Amino acid sequence: MKYGHWLFIFLFLLGFAFTIPEIATFREQLFQRLVTWIQKIPQEKVYLHTDRDHYEVGERIWFRAYLINATDNRPSCLSGFVYVELRDMQDSLLIRQKIAMRDSVFEGYIPLDRKLKQGNYLLRAYSYCMQNFGDEYLFRKKIRVVSPRDTKVKTAVEFEDTSKGAYAKISFRNFRQEPYRKVNIKYLLDGKDRFASTDDEGNIRIKLDSVDFGKKISVSFNNGEPFFFERYVVLPDGSGDFDVAFMPEGGNLLEGCKQLVAFKAIGRDGLSRSVSGRIVDDKGNQVTYLQSIHKGMGGFEMTAEHGKKYYAQLHCENGKEKCFPLPKAEKEAVALRVMPGEQFTGYLVQATSGMKLADNLYLVVHSRGLPLHCQQVKIGDSGKLANQNLPEGILHFLLINKEGDIFSRRLCFIKHPQRPEMKVETSRNSYIVRDSAYLDICVADERLTDLSGSFSVAITDDGQVVQDSLQDHILSYLLLTSELKGHVENPATYFVNNQVISRRYLDLLMLTQGWTRFDISGVLKEKYDELDYYVERGQTISGKVKNFWGKEAGDAKLILLGTNGTFGVVNADSAGYFLIEGIAFPDSTKFVIQGRNKRGRRNVEVAIDKEEFLKPTTSCPMDFKAYNGEDDFYKRFSKDYYYDNGVKVYVLDEAIVKRRVERKQYSFYDSMADYNLDSAKLASMAGRDIRMVLQEIPGVTVLGDSVTRFGKPLYILINDFEEKMDYVMRLQPEDLLSISFIPSYRSQIFFGNSSSNGAIVITTNPNFVLRESPRLDVVTFSLLGYQKKAEFYMPRYEVDSVRLALKDIKDMRKTVCWNPNVRTDAAGRGRCYFTTSDSEGPYTVIIEGILQDGTVCRFNKRIVLR
C-alpha cells in the first residue's frame, strides 16, 4: 500500500470512529486532535536538486526546489514562494533569492561572483512558514566553489604535539608544490589579528590552547603581498577528547529486564569517533563488551540489577580513554522494544516488576503525524505489523495513557525492498560531439495505476564533474534527515542497499539521533505552538501609519506606486495598520508609498514592515582531516585557466595580463581600490536607488540600511569622512564622482579595525548639497522580489545558424543538460532532449522527482558516447 493513500484512509477511519459506538473514546480523541494539529500547524519540506555539487566562480548554480507537504510528500499547495540562500561556512549570507512557482515548478539559479574565495559553501532553502519549526529543519546542502585565481596557493593543516605544547602547522605552497618562503601571514583567532612568517618550507605554526581545537580561522597574505590571498582553514583537535551518549531503547533503563542500550560517540568537532571498551558495575565487575560499528554508533544488551550503578570504560580510536556513567536504572518504569525486520516489525511492552499502572496503556504508531495503528496494551504484550502495509520512512511507536502522557517512545525506519523502477534509454546507442539526443524515461510500478510525476534531470560530464555520493539526495533527505534533529553523517549511505547490515546501521541511527519534527506529546494535550511566520501565498506590502504625535493614524489613506507598474490604493485600519495584497513584483522593483490622514492631510509617518528571516543556529561540522581531504579535491579540479564566452583565459603566477583603461582618481584612496564606479558609470545609473548602485560592487549586498560584502559589514566614508547610514541612503548616483571598494588588507592601514572587512569610499560632486530629509509621509523602498525567469543555455546544433556561429568556440559544458521540469504521463513515460558537447564523455545522468501519490524517485546512470 502506497503512502499517498494513507491520508484518505486516515480521514475515512476518523469518520468511521464516530459512527460505531464500540470505538474507544481515546481513539476518537487521538484522531480528532491529530486532524486539528495537521490543520492548525501545516508543515512543509523543501528539497533542492542542483545540476551538480561543485562549480567555478562566475558560473550559475541551477536548481529545482521541491516544496512538498511534510505529511504525505505530495506537492504543497500552501506557500507560493521558496527562498534559496548562499552562505559561507561561517553562515554569513552572500545572496538570497526568492523563487516563484512557474508551471507548477520552483526553479531558478544562484550566480557565483568571480570574486568568491575558493572553498566550501552552503545552500539553505525553505518556505517562509517553515521558519516556525527552527533552523534545524531547513534544507542545507554543501557545495564546493573552485576559483582559478586561488590555484596559486595550496594549503594543508597538520597537528604537532611537542614538548613545548600543541601546534597547528599550516603549509602554503604553489601549484608546483613549491613553498612560499618568508611570506607574512595574517590570521584571525579569538577575534584578534595575529601575524606569523612562513619558514623555508612554507609553514607557519600556531600554538593551540584547548579552546582553539577544531576552530575555523581565516588566513591571508598580510597587506596583499606578494598578492591577495585569503582562505578559511580548520585547526586540528589536539585534545582527542570525545563524548558518548547512552540511550536505552524506549527511553528508560529498566531494572531486571534484558534491554538494548544504544550509544553514539562524537568528538569536539561534532563528528563521530570509533570507540570500544566494556561495561562494568560499581564494583568493577565486567557486565558486557561494547564496540561501535558505524559512525560512532553501536549497541549492547544488558540486564540492570537493583541498586547497582554501571559505567562504560572506553578507548577511542585516537588512544584516549575515558569512563562514562550509564543512565540510572529505574525501579518503576515501562519501555517499548521494537524489532524491525525485512517483512515485519515486532514490538514488546516491557516493565519492571514494581511498575504499577493506574491507567490503561495504548500503543500508538504514527508516520509524520498520520496515525497508522492504535490499540490498548498491557505489560508483556507483543505483536507485529506487516511492513508492506506501512509507509516508507520514519515511524513513531508510542506508549501513552488516555491523558496523553508518553511513557515510552521509539523511532523505527521502514524501508520497502520494492520501489518504483526507473528505466532510462537513449534514442541511439552512440553519439558524436555536438550531437542531438533524447532520454526516454519510463517509470514502472505494478502497485500503481497512475505513474504521472514531475522530475528534474541533470546530465554532467564525468571528465569535469565528480558527484558527491555521500551527501543527501532526494530519497535520503525527504524520508530520513529532514525529520531528524542534528547532523547525520553521510546520509546517502543508508540507501545504497537493503541488506541486513544496512538495516542495522539505520536502526542504530533511529535509536541514537534524537526525536524528530513530528513530536505529538503537546498535541495529545491540545497544546499548539504559536506561529511567528505566516504562510506566504502571495506577495504583500504591510506597515503602519502614525500621526504627528507618534500615535496610530486610524483610517489613513495610502497610495502605492512601483517601477514595474504596480499601483494600489488602500486604507489603514483603526489602529493604523495596512496591508496591500494581490500584487506581484520581481527583484529590484522600487516602490514609493504616500500616506494621508483620514482628513487628507500629510502630517503622518509611514513605516514599512521589514521581512523577518531566521538566523542560522546550526553549522556543518568539519574536522581538519576532512579539510585536508577537501584540499585534495581542489588540487584535482583546480586549474590555471577558465573559459570566458568560450575563450580560454589563463591566470598567471602573479597577475592576469589584460589591457586596462587608466582609472580616474577623485580621492586619495581611489588608487588603492579593487573596484571602482567612476563618474561615467554613475551618470549612466541616474535615477537608481543608492542601494542598487552599491550592489554593483561584486559581493556587496544591501538589506535595509545594512551594507555587507559576503555577509560582513563594510565601513563607509563620504568625502573621506564617516557618515551615518541615513545620510548614505539619501544620496543619488548623479550627485557622485566615484564609489570605490578598498579591500580589508589596505583599508585597515588607514581606518583601523573598524574597516576589518573592507571599506567603501564615496566621493561627491564639488557643488553637492544634500537634499532635505525625506518627508515622513512619503517612503521610497525596495523589498525582495521574485527572481526573473532564466533559461539554462544549451546550444541546438541541429540549427545551421547556431552550428556555424559556434564553430570556433570551444563547448566544454560541465553541465551538459539541465531540465528542471520533465513530466511523465499516467503510464510513467517522459522524454528529455539534450545536445552533446565537445567532450567525448562519458556523461552521468541523475533524475530526481516525485510521483503524483507522493512516492519519491531517484535514478543514476552513466552514458557512454562511443
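Here is a short report on the structure shown in this document.

Calculation criteria
Residues numbered from 1 in each chain as written. Predicted model: local features only at pLDDT ≥ 70, side-chain atom pairs only at ≥ 80, totals over all residues. Heavy atoms only, no water. Helix = DSSP H or I, 4+ residues; strand = E, 2+ residues; numbered from the N terminus. Buried < 20%, exposed > 50% of the residue type's maximum accessible area, 1.4 Å probe, protein only. Contact = heavy atoms within 4.5 Å. Core = buried A, V, L, I, M, F, W, Y, C linked by side-chain atoms within 4.5 Å. Pairing = 2+ DSSP bridges. Axes fitted to C-alpha atoms, helices over the stretch in contact; angles between N-to-C directions. Arc of directions from axis to C-beta. Polar contact = N/O pair within 3.5 Å; in protein donor to acceptor, adjacent residues only side chain to side chain.

**Observations regarding the side chain of Asp435**
Looking at the element boundaries, Asp435 is found in the loop between β30 (421-426) and β31 (436-444). Looking at Asp435, the relative accessible area reads 15%, which means it is buried. Not counting residues within four places of it along the chain, the set of residues in contact with Asp435 comprises Arg428, Phe834, Thr835 and Thr836.

**Considerations on the nonpolar core**
Within the largest apolar cluster, 60 residues are counted, with the highest numbers of intra-cluster contacts made by Leu86, Leu480 and Leu509. For this core, the element with the most residues is strand β3 (residues 60-69), which contributes 6 residues. Every residue in contact with Leu86, bar those within four places of it in the chain, is listed here: Ser92, Leu93, Leu94, Ile95, Ile110, Leu112, Leu116, Tyr121, Leu122, Leu123 and Ile143. Within the second largest apolar cluster, 33 residues are counted, among which are Val457, Ile459, Val822 and Val845.

**Observations regarding the sheet that holds strand β11 (residues 184-189)**
Spatially, 4 strands are ordered β12-β11-β14-β15 in an open sheet, and the strand pairing comes out antiparallel. Bordering the open sheet on either side are β12 (192-197) and β15 (230-234), each of which pairs with just one other strand. On average, each strand axis in the sheet is tilted by 30 degrees relative to the strand beside it, whichever way the strands run. As paired strands, β11 and strand β14 (residues 216-221) are joined by 4 bridges and run antiparallel to one another. Each residue of the ladder has a partner; that of Tyr187, found in β14, is Val219.

**Some points on helix α10 (residues 744-751)**
Of all the residues in α10, the buried ones are Ser744, Tyr745, Ser747, Gln748 and Phe751. Taken down its axis, α10 places every buried residue within 165 degrees of arc, on the same side. Structurally, α10 contributes buried residues whose contacts are with β11, β12, β45 (715-718), β47 (736-742) and β48 (759-764).

**What to know about the environment of Asn318**
Topologically, Asn318 is positioned in the loop between β21 (310-316) and β22 (321-325). Separated by 79 residues in sequence, Asn318 and Ser239 place their C-alpha atoms 9.7 Å apart. Within the structure, Asn318 has its side chain in polar contact with the backbone oxygen of Gly240 (distance 3.0 Å). One polar contact links the side chain of Asn318 to the main-chain amide nitrogen of Lys320, over a distance of 3.0 Å.

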